[in-house]
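# Structural features, examined
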Amino acid sequence: MADKQLSVPTDKGANAGLKVASLVARMVAGADSIDDMALLRHGGMGRVFNSGYAPSTLGSFLRAFTFGHVRQLDALASRVLTGLGSRAPLLSPSANELVLVDVDDTIIEVHGHTKQGAGFGYTRVRGLNALLATVSTKSCAPVVVAQRLRKGSCGSPRGAARLVGDGLKTVTTMTGDRSRKPMLRADSAFYGRATIGAPVRAGADVSVTVRLDPKVKKAISTIADEAWTAIEYPDAVFDDSTGRWISRAEVAEIPYTAFAGDKTRSVPGRLVVRRIPDLNPRAKDGQESLFDSWRFHAFFTTTDPALLDTLAADVTHRAHAVIEQVHADLKNSALAHLPSGKFTANAAWLVLAVIAFNLTRAAATLTRSSRLAKATTATIRRTLVTVPARVASCARRITLHLPTAWPWQAAWTELFTHCCGPPTTVTP
């Protein structure tokens, strides 16, 4: 697919398919820098893997990328994920299960002044900004459906509308059901006309945290005291006599129209508000306040109340934090470094890291192990990839002697059987 999709010029772009496969395979095996691309070139690896390009060759290949070639690689990543989805249960929602698309960005720290695009962003850390969109369900672990590398000093919502549109197209292709409405979740940095308008026009619902500006505060002040409902929250206690949770955290909702000042782009929905006690109120003149003070957290959603009531909408929105686990997983593997001084090479590296992440997730789901299907990349690599096999040759045939007491033998055998057929057992 890469041979047909990529048009990287000169001899640096020759055999693009093998070079992309080399980069992804070594990322799956644990490589996180250009030097690590020699990971599969030592010992008996050359007898098992063909066309193992040298790290210098792969580095030259990445540095030959332009922004257009990175976009070609984005399309390749989308097609690879769609192909994986047809061969592995990456996204198999039930009839009433929500398909959740999460968008968030993260700063990848870099060092030195030769990194193109590096800068200080909202974390005050010198780095580059990676914007990701993931899709997941309650029963399926998240996979990355869209990605974009940006300069370190850019704002979070920059380019998010286009990325959301690309990601939703991929999600629709993976589910094969255009009538199903995915739900986009994001934090307050993405609360804007462009980012919310893109999924709404694509037929998706949104659940986005709002900033507590004067308009939102005024709307919250109209909520009646009896409208607040206690929720199951940390340190909550269940009262058997009343059948309710006794908690200081409460939730309520009111109808709300986002961007009402612009009639052409206003979005009707509801404002769900969660309040928790402010344990550190700002006392005046050293005196404690006479009344309870609250901290409010509000988000705007377009979901049908019949599908998600107030409590369910709040629980679903709080689960948006799952994308932080994807960020941490990527930074603990191929995104531990952005190895090149050229921005487009690092952008291509991000896309390849996402392909490796999705490929690893697909392999884990094929083992039919519920634990591995939701495990981190490091766990999957340790149990399925870095198997201590001994390489032997006989009659021009390569035999891999696997360990007899491997704890994850059943999962590995299930994966191998699904992809390559039952392994041949060598009898003495």
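Residues numbered from 1 in each chain as written. Predicted model: local features only at pLDDT ≥ 70, side-chain atom pairs only at ≥ 80, totals over all residues. Heavy atoms only, no water.

Enumeration according to the criterion identifies 15 salt bridges in this entry. Measuring nitrogen to oxygen at the nearest pair gives 3.6 Å for the salt bridge that ties Asp11 to Lys12. For Asp262, the salt bridge is made with Arg193, and the minimal N-O distance between the two is 3.8 Å. Residue Asp262 is located in the loop between strand 10 (250–258) and strand 11 (267–277), and its partner Arg193 is located in helix 7 (residues 193–201); the two are separated by 69 residues in the primary sequence. In this structure Asp262 comes out as buried when scored by relative accessible area, which is 18%. (Salt bridge = Lys/Arg side-chain N within 4 Å of Asp/Glu carboxyl O. Helix = DSSP H or I, 4+ residues; strand = E, 2+ residues; numbered from the N terminus. Buried < 20%, exposed > 50% of the residue type's maximum accessible area, 1.4 Å probe, protein only.)

Every other side chain in a regular strand lies on the same face of the sheet, so the side chains alternate between the two faces. Two elements, strand 13 (residues 390–394) and strand 14 (residues 397–401), share five bridges in a ladder whose sense is antiparallel. Pairing of Val391 across the sheet is with Leu400, part of strand 14. Taking the residues that link successive antiparallel strands as the turn, the strand 13-strand 14 hairpin has two residues, and the phi of Ala395 there is positive, at about 55 degrees. (Pairing = 2+ DSSP bridges.)

Turning our attention to the packing of helix 5 (residues 67–87) against helix 11 (residues 343–365). Here helix 5 crosses helix 11 at 5 degrees, and the two axes come no closer than 9 Å. Our classification of the angle between helix 5 and helix 11 gives roughly parallel. Seen from helix 5, the contacting residues are Phe67, Val70, Leu73, Asp74, Ala77, Val80, Leu81 and Leu84; seen from helix 11, they are Thr344, Ala347, Ala348, Val351, Leu352, Ile355, Asn358, Leu359 and Ala362. Classifying every residue of the contact of helix 5 with helix 11 gives 14 nonpolar, two polar and one charged. (Axes fitted to C-alpha atoms, helices over the stretch in contact; angles between N-to-C directions. Parallel < 35°, antiparallel > 145°, perpendicular 65-115°, else oblique. Contact = heavy atoms within 4.5 Å. Nonpolar A, V, L, I, M, F, W, Y, C, P; charged D, E, K, R; others polar.)

If you trace the backbone, Lys19 turns up in helix 2 (residues 16–28). For the buried residue Lys19, which engages in no salt bridge, the nearest side chain bearing the opposite charge is Asp11, 7.0 Å off. Once residues within four sequence positions are removed from consideration, Lys19 is found in contact with Asp11, Lys12, Gly13, Ala14, Tyr53, Thr57, Leu58 and Phe61. (Lys, Arg positive; Asp, Glu negative; His and termini not counted.)

Ranked by size, the top nonpolar core spans 56 residues in total, and within it Leu90, Val103, Val135, Tyr191, Leu271 and Phe300 carry the most contacts. Broken down by element, the residue count for this core peaks at six residues, all from helix 6 (residues 160–175). By size, the runner-up hydrophobic cluster in this structure holds 48 residues, among which are Val24, Leu76, Ala118 and Leu132. (Core = buried A, V, L, I, M, F, W, Y, C linked by side-chain atoms within 4.5 Å.)

Moving on: the packing of aromatic side chains. On inspection of all chains with the given rule, the structure shows six aromatic pairs. Pairing Trp406 with Trp408 gives two aromatic rings, centres 5.2 Å apart and planes at 70 degrees, and the pair type is edge-to-face. In this structure, Lys19 packs its charged tip against the face of Tyr53, placed 5.6 Å from the ring centre. Against the face of Trp294 rests Arg275, its NZ or CZ located 4.1 Å from the ring centre. (Phe/Tyr/Trp six-rings, centres within 6.5 Å; stacked < 30°, edge-to-face > 60°. Lys NZ or Arg CZ within 6 Å of the ring centre and 35° of its normal.)

Turning to helix 7, its buried residues number three or more, namely Thr195, Ile196, Gly197, Ala198 and Pro199. Contacts from the buried residues of helix 7 go to helix 6, strand 5 (183–186), strand 6 (205–209) and strand 11.

Where burial is concerned, most of strand 6 is hidden: four out of the five residues are buried. Examined bridge by bridge, strand 6 and strand 12 (residues 294–301) share three bridges and lie antiparallel to one another. Bridge pairing in strand 12 links Thr209 to Phe299.

With that out of the way, let us pick up a nonpolar patch on the surface. Among the surface-exposed residues, Val48, Phe49, Ile398, Leu400 and Leu402 lie close enough to one another that they form a single nonpolar patch of about 400 Å² accessible area. The residue Leu400 is located in strand 14 in this model. Among the residues examined, Leu400 registers a relative accessible area of 43% and is labelled partly exposed. (Patch = residues over 30% accessible without salt bridge, like charges linked within 9 Å, V, L, I, M, F, W, Y side chains within 5 Å. Areas by Shrake-Rupley, 256 points an atom, 1.4 Å probe, with all protein chains shown as cover.)

Attention now moves to unusual backbone geometry. With a phi angle near 55 degrees, Phe259 is a residue other than glycine that sits in the positive phi range. The exposure class assigned to Phe259 is buried, which follows from its relative accessible area of 12%. Despite not being glycine, Arg396 has its phi angle at roughly 60 degrees, a positive value. Along the chain, Arg396 falls in the loop between strand 13 and strand 14. Accessibility expressed as a relative area gives 89% for Arg396, which makes it exposed.

With that out of the way, let us pick up the packing of helix 10 (residues 322–331) against helix 11. Two elements in contact, helix 10 and helix 11, have axes whose closest approach is 11 Å; the angle formed by their N-to-C orientations is 105 degrees. Regarding the angle of helix 10 to helix 11, the classification is roughly perpendicular. Where helix 10 approaches helix 11, its residues Val326, Asp329 and Leu330 are matched on the opposing element by Ala353, Phe357 and Arg361. Among the residues forming the contact of helix 10 with helix 11, the class breakdown is four nonpolar, no polar and two charged.

Topologically, Val70 is positioned in helix 5. Given the relative accessible area of 5%, Val70 is considered buried. Expressed as a C-alpha distance, the spacing of Val70 and Leu359, which sit 289 residues apart in the sequence, is 19 Å.

Attention shifts here to the environment of Ser393. Relative to the assigned elements, Ser393 resides in strand 13. The exposure class assigned to Ser393 is partly exposed, which follows from its relative accessible area of 49%. Beyond its immediate chain neighbours, meaning those up to four positions away, Ser393 contacts Arg47 and Ile398. Side chain to side chain, Ser393 and Arg47 meet in a polar contact 2.8 Å long. (Polar contact = N/O pair within 3.5 Å; in protein donor to acceptor, adjacent residues only side chain to side chain.)

A few words on the environment of Thr257. As for its position among the elements, Thr257 is in strand 10. Residue class for Thr257 comes out partly exposed when judged on its relative accessible area of 33%. The spacing of Thr257 and Gly269 is 12 residues in sequence and 5.7 Å in space, taken between C-alpha atoms. The residues touching Thr257, leaving out its near neighbours within four places in the chain, are Lys215, Ser266, Val267 and Pro268.

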